[in-house]
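The lines below spell out each chain.
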Amino acid sequence: QVRTFVTFVAALVADQGDALSFSSLFTGGAVLQQGVEVAVYGTSDTRKVMLSLDGEAVSEAIVGADGSWKAYLPPQNTAWHRTLKAEDGSTSVEAVVSFGAVLLCSGQSNMDMPVSNNGGVGGAKRTAE
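**Side note on the overall build of the protein chain**
On a plain count of helices and strands, the protein chain comes out with two helices and eight strands. Counting helices and strands in the order they occur from the N terminus, the protein chain gives α-β-β-β-β-β-β-β-β-α. Long-range contacts, defined here as pairs at least 24 residues apart, represent 55% of the contacts in the protein chain between residues at least 6 apart. When the accessible surface of the protein chain is split by element, carbon and sulfur atoms take 52% of a total near 8100 Å².

Following this line, the structure appears as structure tokens:
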């Protein structure tokens, strides 16, 4: 279920381009779900992309006719500031990623209201019941 959702989200934000790159989803300090395979996407103008995590080879992908590639990282333990590197034989790019519990929240406009504004945990429980 998580893998399917990550695949869907990544497909929506995949960048288009010719040079080797990660999708913008994986740049800027991304936090990826720990304990499950995680799909990683990008573009390249070569035929194959190799991925490494902190210098250890972890996956490879074949580049499609449209220049896009997708590879899966094996399940990772919780960790911070790992270096994810993509190489395609002519260039390389890096992204700093972390692995942890990824929670996606959605709701109404009051979603950012602190629990303390509702009488603490006890008040929130009473409201929910």
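**Points about the sheet that holds strand β6 (residues 68-73)**
Within the open sheet, the three strands sit side by side as β1-β3-β6. Their pairing is antiparallel. Only two strands of the sheet have a single partner each, and these edge strands are β1 (21-22) and β6. Across six bridges, the pairing between strand β3 (residues 38-43) and β6 is antiparallel. Bridging across to β6, Val40 finds its partner in Ala71.

**Some remarks on the pattern of salt bridges**
Side chains bearing opposite charge may pair, as long as their charged atoms lie close to each other. Under the defined criterion, the tally for this structure stands at two salt bridges. For Lys48, the salt bridge identified is with Glu60, shortest N-O distance 3.7 Å. Remark: Glu60 occurs in strand β5 (residues 56-62) and Lys48 occurs in strand β4 (residues 48-53); sequence separation between them is 12 residues. Here Lys48 falls in the partly exposed class, since its relative accessible area comes to 36%.

**Observations regarding the packing of aromatic side chains**
Per the counting criterion, the structure on display carries two aromatic pairs. Ring geometry for Phe22 and Trp69: centres 6.0 Å apart, planes at 65°, overall edge-to-face. Placement of Phe22 in strand β1 and of Trp69 in strand β6 is noted, with a sequence separation of 47 residues between them. A single burial state applies to Phe22 and to Trp69, both of which are buried.

**Structural notes on the side chain of Gln76**
Its place among the elements puts Gln76 in the loop between β6 and β7 (79-87). On the accessibility criterion, Gln76 (12% relative accessible area) is buried. Separated by 3.0 Å, the side chain of Gln76 and the backbone oxygen of Pro74 make a polar contact. Contact partners of Gln76, with chain neighbours within four places excluded, come to Gln34, Gly35, Leu53, Arg82 and Phe99.

What counts and how
Residues numbered from 1 in each chain as written. Predicted model: local features only at pLDDT ≥ 70, side-chain atom pairs only at ≥ 80, totals over all residues. Heavy atoms only, no water. Helix = DSSP H or I, 4+ residues; strand = E, 2+ residues; numbered from the N terminus. Contact = heavy atoms within 4.5 Å. Areas by Shrake-Rupley, 256 points an atom, 1.4 Å probe, with all protein chains shown as cover. Pairing = 2+ DSSP bridges. Salt bridge = Lys/Arg side-chain N within 4 Å of Asp/Glu carboxyl O. Buried < 20%, exposed > 50% of the residue type's maximum accessible area, 1.4 Å probe, protein only. Phe/Tyr/Trp six-rings, centres within 6.5 Å; stacked < 30°, edge-to-face > 60°. Polar contact = N/O pair within 3.5 Å; in protein donor to acceptor, adjacent residues only side chain to side chain.

The quantities given are spatial measurements derived from coordinates; they are silent on function.
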